[in-house]
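The lines below spell out each chain.
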Amino acid sequence: LHRIPHPPRRVPVLGDVLGASVRSPVQDSMRVGRQLGPVFRRKAFNKEIVFVWGADLAAELADESRFAKHVGLGVANLRPLAGDGLFTAYNHEPNWQLAHDILAPGFSRAAMEGYHPLMLDVARQLTAFWDERSHAGEAVDVPGDMTKLTLETIARTGFGHDFGSFERSRPHPFVTAMVGALSYAQRRNTAPPLLGPLMQRGAAKRDKADRAYLDSTVDQVVEARRGSDGTGARGDLLDRMLETAHPDTGERLSPRNIRRQVVTFLVAGHETTSGALSFALHYLSRNPAVLRRAQAEVEQVWGGTEEPAYEQVARLRYVRRVLDESLRLWPTAPAFSREALRATTLGGLHPMHKGAWALVLIMLLHRDPAAWGEDAETFDPDRFEPKAVRARPPHVFKPFGTGARACIGRQFALHEATLVLGLLLRRYDFRADPDYRLEVSERLTLMPRGLRLHLTRRTHSPQARTPAAARG
Ligand code: FDE
């Protein structure tokens with residue numbers, strides 16, 4: 001450990017936390033990391049955390065024969081909420097493999113094709129909502145509305161549940177409770193272990209109430225489906241959880257574990273995707289040339305079709321690059337941890353004992369000049385042209401984590417986000433407030449704070465000829 005640099009000023013007990021920002025630990029670590037180099041450590045209240053962001057070291061940590069996911073920090077703090085659900089399960093917990101095998105087919109191509117019309121339904125609600133705003137000359141609240149969209153999408157495609165987000169003027173209480181639980185889990189990393197419980201009794205109580213609310217919402221969703229006597233079987237995630245036995249062992253998920261899985265999917269399935277969409281819209285509004293190119297692609301690939309078919313989404317190659325490039329600069333799940341499966345040496349220099357772990361700072365990995373070039377800080381979707389991708393070393397782009405415990409919802413999120421961006425690009429021109437400066441808030445996930453956009457309906461888009469538009 002002594003070879004790994006740490007910030008120069010260290011205080012007994014408090015460690016390096018003085019000057020550290022409690023509100024934005026990731027961006028704060030990023031600043032420190034830039035000064036200290038590709039592997040560094042920070043200490044908070046006698047807990048030492050090793051951070052890694054160098055492309056070579058991150059590639060080593062991706063080696064599944066030496067390392068595996070580590071459930072620590074933010075992820076571990078979510079255990080009271082998500083228990084042995086897929087995201088928070090320890091590698092050795094039998095429910096991980098069981099749930100993984102039962103649920104993976106829920107993200108197959110065939111399953112996604114089934115979700116496509118439901119995703120379109122939700123996207124239609126968003127455009128109806130945005131049409132009104134643009135007609136009234138009002139700016140739209142991008143992160144707020146993207147969160148409505150992604151919550152409805154995962155709830156309807158996965159669980160046949162409608163939260164009615166677009167009919168509400170305030171976020172659904174489920175979202176408020178979830179944001180509360182996520183922020184609380186994040187704060188627990190930065191709070192002192194002994195003082196914490198005393199100072200934060202109020203916060204702990206609120207957290208308990210938030211979790212109770214989330215649980216009871218989930219129980220209602222599950223009850224509604226159980227009560228439907230199988231007549232409403234849709235082959236969605238909830239059906240899989242309730243009806244499907246493991247293909248080899250015949251084992252099923254327990255009701256308690258199902259509750260954990262539903263919470264997991266509702267939370268993991270929308271917060272990160274909504275951030276990804278928001279960052280992409282931010283960059284589109286800031287880069288007119290990129291915006292025009294993306295709009296031209298949508299026109300060319302979708303042509304006059306009113307709504308895209310399933311296969312027409314993946315054909316939006318450039319839109320997808322815009323999304324990838326946004327996830328490069330702001331990976332909305334900004335870190336993951338890896339632990340050594342047995343004693344090993346990282347980078348030929350840093351000995352790790354079995355179980356020792358390090359946190360991969362994805363945002364810095366994605367900006368490492370060694371992998372991405374000297375202009376790594378600039379937004380440029382052409383980095384994701386196939387030729388450029390092939391020229392880069394592997395394991396330098398990890399917005400969905402790595403290995404066996406990588407994101408199961410990757411294709412789902414990418415299909416949803418590309419579909420929605422395509423629809424929005426075809427329908428609107430976006431204009432940012434000239435004095436908006438990107439500020440990123442953290443609640444385990446990243447989100448552009450206060451991003452608002454002004455919209456203008458594009459007159460030459462096919463929908464512009466519908467009666468609703470004629471009135472405008
Ligand atoms: C997962 C995930 C991850 C890993 C983490 C660790 O390693 O720790 C990451 C990084 C992610 N994920 C990311 C993301 C981004 C986005 C946009 C997303 N993600 C989306 C989504 C959707 C859905 C539904 C999901 N997602 C889900 C999920 C899950 C369940 C998980 C766990 C897996 C295992 O198995 O472990 C994840 N995700 Fe995600």
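Shown above is the structure to which this text applies.
Counting of residues starts from 1 at the beginning of each chain's written sequence and follows it residue by residue. Whole-chain, interface and lining totals are the exception, using all residues; otherwise, since this is a predicted model, local features are given only for residues with pLDDT of at least 70 and side-chain atom pairs are given and counted only at 80 or more. For the side-chain quantities, the full set of heavy atoms in the structure was used; hydrogens and water were omitted.

Draft legend 1. Broad picture of unusual backbone geometry. The phi dihedral of Leu-73 is positive, around 45 degrees, even though this residue is not glycine. Under the DSSP-based scheme used, a helix requires at least four consecutive residues in state H or I and a strand at least two consecutive residues in state E, with every element numbered from the N terminus. With respect to the secondary-structure elements, Leu-73 resides in helix 3 (residues 73–77). We note that Leu-444 has phi near 75 degrees; this positive angle belongs to a residue other than glycine. With respect to the helices, strands and loops of the structure, Leu-444 is situated in the loop between strand 10 (440–443) and strand 11 (445–448).

Draft legend 2. Geometry of the layout of surface pockets. Approximately 690 Å³ is the volume found for the second largest pocket. Grid spacing is 1 Å over the protein atoms alone, the probe is 1.4 Å, and a cavity is where that probe fits but cannot get out, while a pocket is an open set with protein on both sides within 12 Å along at least five of seven lines and lining residues have an atom within 4 Å of a point. Surrounding the second largest pocket, 32 residues form its lining, Pro-171, Val-175, Val-179, Arg-443 and Met-447 being those nearest its centre. Broken down by secondary-structure element, the contributors of at least two residues to the lining of the second largest pocket are helix 7 (142–159), helix 8 (173–190), strand 10 and strand 11. The element that contributes the greatest number of residues to the lining of the second largest pocket is helix 8, accounting for 7 residues. Grid points are joined across faces, edges and corners, and a volume is the space filled by probe spheres set on the points.

Draft legend 3. Spatial organisation of helix 7. Expected helix span is taken as 1.5 Å per residue step, with the number of steps being one fewer than the number of residues. Taking 1.5 Å per residue, 18 residues should reach 26 Å; helix 7 reaches 25 Å between its end C-alpha atoms and fits that length. Note on exposure labels: buried denotes an accessible area under 20% of the residue type's maximum, exposed denotes more than 50%, and partly exposed covers the range between, all computed with a 1.4 Å probe on protein chains only. Of all 18 residues in helix 7, 17 are buried, a share of seventy percent or more. Where helix 7 begins, the capping side chain belongs to Asp-141, and its oxygen is found 3.0 Å from the backbone nitrogen of Gly-144. Backbone geometry just downstream of helix 7 places Gly-160 in the positive-phi region, at approximately 60 degrees. What qualifies as a polar contact is a pair of N or O atoms within 3.5 Å, subject to a donor-acceptor requirement within protein and to the restriction that residues adjacent in sequence count only when both atoms come from side chains.

Draft legend 4. Fine view of empty space enclosed by the protein. Per the counting criterion, the structure on display carries 2 cavities of 30 Å³ or more. Of the volumes computed, that of the largest cavity is approximately 60 Å³. Forming the walls of the largest cavity are Asn-77, Leu-78, Pro-80, Leu-81, Ala-181, Tyr-184, Ala-185, Arg-188, Asp-207 and Arg-211. Going through the elements one at a time, helix 4 (79–82), helix 8 and helix 10 (201–226) are the ones with two or more residues in the lining of the largest cavity.

Draft legend 5. The site of the ligand, seen in detail. Neighbouring residues of the ligand: 20 residues in total, closest Lys-69, Leu-86, Trp-96, Arg-405 and Cys-407. A distance of 2.7 Å separates an oxygen atom of the ligand from a polar atom in the side chain of Trp-96. The nonpolar class holds Ala, Val, Leu, Ile, Met, Phe, Trp, Tyr, Cys and Pro. Asp, Glu, Lys and Arg form the charged class, and all remaining residues, Gly among them, are polar. Residues of the shell around the ligand, tallied by class, amount to 13 nonpolar, 5 polar and 2 charged. One heavy atom suffices: a residue is near a molecule or strand as soon as one of its heavy atoms comes within 4 Å of it.

Draft legend 6. Broad picture of the sheet that holds strand 12 (residues 452–457). Reading across the sheet, the 3 strands line up as 4-12-9 and stay open at both edges, with antiparallel pairing between neighbours. Looking along the sheet, the strands with just one partner apiece sit at the ends: strand 4 (140–141) and strand 9 (428–432). Following DSSP output, two strands are said to pair if at least two bridges run between them. Pairing of strand 4 with strand 12 involves 2 bridges; the strand directions are antiparallel. Looking across to strand 12, one finds that Val-140 is bridged to Leu-453.

Draft legend 7. Representation of the sheet that holds strand 3 (residues 67–69). Strand order in the open sheet made by the 5 strands is 1-2-8-5-3, with mixed pairing throughout. Looking along the sheet, the strands with just one partner apiece sit at the ends: strand 1 (39–44) and strand 3. Strand after strand, the sheet turns through a mean of 35 degrees between neighbouring axes, direction not considered. Both strand 3 and strand 5 (residues 335–340) contribute to a ladder of 3 bridges, which runs antiparallel. Within the sheet, the bridge partner assigned to Lys-69 lies in strand 5 and is Arg-338. Throughout, a residue-residue contact means that at least one pair of heavy atoms, one from each residue, lies within 4.5 Å. Axes here refer to lines fitted to C-alpha atoms; in helices the fit is confined to the stretch in contact. Angles between the N-to-C directions go from 0 to 180 degrees. On top of the sheet, helix 1 (residues 25–36) reaches strand 1, strand 2 (47–52) and strand 8 (357–361); it is set at about 130 degrees to strand 1, its chief contact.

Draft legend 8. View of the pattern of salt bridges. For this analysis, a salt bridge means a side-chain nitrogen from Lys or Arg found within 4 Å of a carboxyl oxygen belonging to Asp or Glu. Applying the stated criterion across every chain yields a total of 31 salt bridges. We note a salt bridge from Glu-307 to Arg-124, for which the minimum N-O separation is 2.8 Å. Here the residue Glu-307 occupies a position in the loop between helix 14 (288–302) and helix 15 (310–314), and Arg-124 occupies one in helix 6 (residues 109–135), the gap between them amounting to 183 residues. Exposure remark for Arg-124: the relative accessible area of 39% places this residue in the partly exposed category. As a salt-bridge pair, Arg-225 and Asp-236 come within 3.0 Å of each other at their nearest N and O atoms. With Arg-225 in helix 10 and Asp-236 in the loop between helix 10 and helix 11 (237–243), this residue pair connects regions lying 11 residues apart in the sequence. The residues Arg-225 and Asp-236 share a single accessibility class, namely buried.

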